[in-house]
Amino acid sequence: MATHPVYILLLWGALVVGGGAQKISQGGSDWYLRFRSERDLDRPETVRFSVKSVVHHRYAVTTIRREIFNPANVSQGFEFAVMIPSRAFISQIEIGDSDPRLESAAKKKNTNSSSMNQYILRQNLIGNEFNTFVLPILLGPQENATLSVTYEEGLQKNQGMYFHKMFLRPGEIVRHFSVNIEIAEKYEILNLGVHASVLGDISNETIVEDETPKRRLVNFTMNTREQAHHFGSNGFYGSVVVQFGLNNSRSEMDVVVQDNYFVHFYDLPGGFFEDEKHVIVVTSLELTEYHEIVYKIVKKVSESLPAKNSFSFIQIINDKVFLWSSISKNENQTSLLTFIQGSSENLSPASAKEIKDIFSGAQNNPTDSVPTHLFYFKKQTTNGENKLEKYFTPGSLSNVSVVRFSEDDLSQFNNFLDKKVRIDYKGDIIDQNSLTETQFANIPRDGHLVIAGRLRDSEKAGVIVAQVSTLFGMETVSSSSLVVKPCSGHVTLCHQKTCSEYTESTQSLSAEAVVSSQAGNCSWTLHSQRNYLGDSKTLTQSSLPNGDFTVRSVQKQELFHQEIKVGNIIDPLGFNSAERLHDFVSLQNAMELIAGVDEIDEEKVKQMEKISLKNNLLTPFTQLVVTGEDSKVLVFSYDDLISPLLSQHPHQGHPTPCPQSQKICEEQRSTSCPPLSVTSQQDGEVLISGSHPNLNLGSITQATQEGACCWLFFTEPNYAGEEEQFCGGEDSVNLVKIGSVKTV
């Protein structure tokens, strides 16, 4: 079979769970031929479409496999299309009997910045939750072929629940359609739910009872009758979403340790986002001298506050108090910048009542007590003068959290504000150089952070201690005790045809060697130079050695283990998922860091290239090599395969993907979706066909469509604002207004 990849395309469509609709019907028979016209009988047919996904430590490895058959007596083309989450990385591609592989993209270093920018662009644009992988192949006469794509991702968290989302679209009714998901976690799995587009909640029909509370199974199948009844002749189209919670206490660090790698899952306290706060910055510094840095600090503090929060700036000049506040009702109040730059001669001192109201929160909500945080910047004095208490009564400050800074602290505090959250890990067992990002300028809406790192070799037990610092306070969390268990085993190293077993650390080998095998439960660190120097590679009981690394010294390491009250289950992934999550988070952090910079850190690129090749991940640091027709070797970079400037829909008159912006391509798109009927109290019933960038509809009380198409509703024109997806059937849309709508 001659095969070759042509392009990988992007799906621009946000996924949400479909509304309440019909459930899966019982029974049915293979009557799919009713939906294949006479001219289609010889086209390639999908015999089996299966999905297998394993989730462990909130890391998912998903394989989508398709078995196809060409019934014709001539060769025919077939497009293997797979949707993958935009934050996922492809780790394996199977194309019949060919052998696709990844190699370094070092020869195309100038494209790395573009790749990173495109990756970040996909994360920030509307409807960017999934990409499309499209692989056109050529099937020989009467040929069977198996195609599969495996991708890996860290699960997202929202409102205390983890979500594992996939988008499936076989494009036809399939004889055998199945989705199998296994979830295995350290903690008890709670509130497991399964939803699918059009079908709605299918938890009762798909969740398999299991006596182990830390392991749950989902088995979702549809016969041909069910596919035809719910989705029409194109078969299943839409999302399958699994959600679950974990029975873990916030009082103890949520951390996973495996083969001396650890992953820390941290949730910012709910009050960081939800609680209403009033933040006050007070300064008695002479602003002619400190104007620039004070303005930077004030601007950063005010801009870092969520919408519910209020901000005030107080300036003390010559025993007079001047006030600027976001909750002031003075319509003539100047801008904050003008206020800070202005002379005291042009400003009016605040009245005693205004000061009292600011500290009591009376102007904001007279019935509730609003937590107040005050940051005071003053000159360093030696006479003990305390101007803060001099100008504000003890009663005003009694319920206020006060942090004082001298002029020497200004630069340090200004730098601190560049990162909203900082996490510092304490103790000798932490390898500080291995930590992923620990300072966060941008916080996910749900406040869920994932930090990973490596533990140092140690002969005694220890704990992981993390100190979390934010603008509004500090928190320290600790893990349960980590114990060191003695290990046994060996690693076999070979020089030419001579091999030797090593059971202990060896500082200097007699000659360069490569790894042949390993046995036992120890972790081994291989070094490219003597005395444990040079490049290094870690071998664990989960990893398979190969001959691509030259060794001159080797270190044996005991492994840390968590003391768990109830024994954990065996890792279902077959590899160190903690190490894999560490590498996955490192790649994500690096791509965000490199994106947009003029000069790329070459050392960082080399490091990420090693991680990508180590895990066989398709990233901007690697490229895909495939043997095509006539044994021709084809090479595709990350840019070639994944581009946000291409639409996944072939349009009329466009035999190849539309090379315009997504908006233009959407407007050119001819859709086979039936009209969508929406009803609102203000506008009555309205029929919508295709995408519309500018609508003016009130809230929708009912949406109905006789088909399996999906639609994205937006509150603002031009596909902006809040969004919600609707996929066939009948349901309501929970948006206050509709400004635009787009087919997916």
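Cut-off values and rules
Residues numbered from 1 in each chain as written. Predicted model: local features only at pLDDT ≥ 70, side-chain atom pairs only at ≥ 80, totals over all residues. Heavy atoms only, no water. Pairing = 2+ DSSP bridges. Helix = DSSP H or I, 4+ residues; strand = E, 2+ residues; numbered from the N terminus. Buried < 20%, exposed > 50% of the residue type's maximum accessible area, 1.4 Å probe, protein only. Axes fitted to C-alpha atoms, helices over the stretch in contact; angles between N-to-C directions.

## Quick look at the pairing of strand S34 (residues 533–539)
Thinking step 1. Examined bridge by bridge, strand S33 (residues 523–529) and S34 share five bridges and lie antiparallel to one another. Among the inter-strand pairings, Leu 526 is bridged to a residue of S34, identified as Lys 537.

## Quick look at helix H3 (residues 224–231)
Thinking step 1. Most of H3 sits inside the fold, with six of its eight residues counted as buried.
Thinking step 2. Every buried residue belonging to H3 is among Thr 224, Glu 226, Gln 227, Ala 228, His 230 and Phe 231, and all of these are buried.

## Digging into the sheet that holds strand S31 (residues 498–502)
Thinking step 1. In spatial order, the strands read S31-S30-S32; together these three strands make up an open sheet with antiparallel pairing. Of all strands in the sheet, those bounded by a partner on one side alone are S31 and strand S32 (514–520). In this sheet, neighbouring strand axes are inclined to one another by 20° on average, regardless of whether the strands run parallel or antiparallel.
Thinking step 2. The sheet contact formed by strand S30 (residues 489–495) and S32 spans six bridges and is antiparallel. Counterpart to Thr 492 in the pairing with S32 is Ser 517.

## Here's the deal with unusual backbone geometry
Thinking step 1. Unlike most non-glycine residues, His 57 shows phi in positive territory, near 55°.
Thinking step 2. Mapped onto the elements, His 57 comes out in the loop between strand S1 (45–56) and strand S2 (59–69).
Thinking step 3. With a phi close to 50°, Asn 191 is a non-glycine residue in the positive phi region.
Thinking step 4. Structurally, Asn 191 can be placed in strand S11 (residues 189–196).

## Remarks on the pairing of strand S37 (residues 622–627)
Every other side chain in a regular strand lies on the same face of the sheet, so the side chains alternate between the two faces.
Thinking step 1. Within S37, five of the six residues are buried, which leaves the element mostly enclosed by the surrounding structure.
Thinking step 2. Bridge count between strand S5 (residues 101–104) and S37: four bridges; the pairing is antiparallel. Bridge assignment links Glu 103 to a residue of S37, and that residue is Gln 623.
Thinking step 3. Pairing between S37 and strand S38 (residues 633–637): five bridges, direction antiparallel. Counted as the bridge partner of Leu 624 is Phe 636 from S38.

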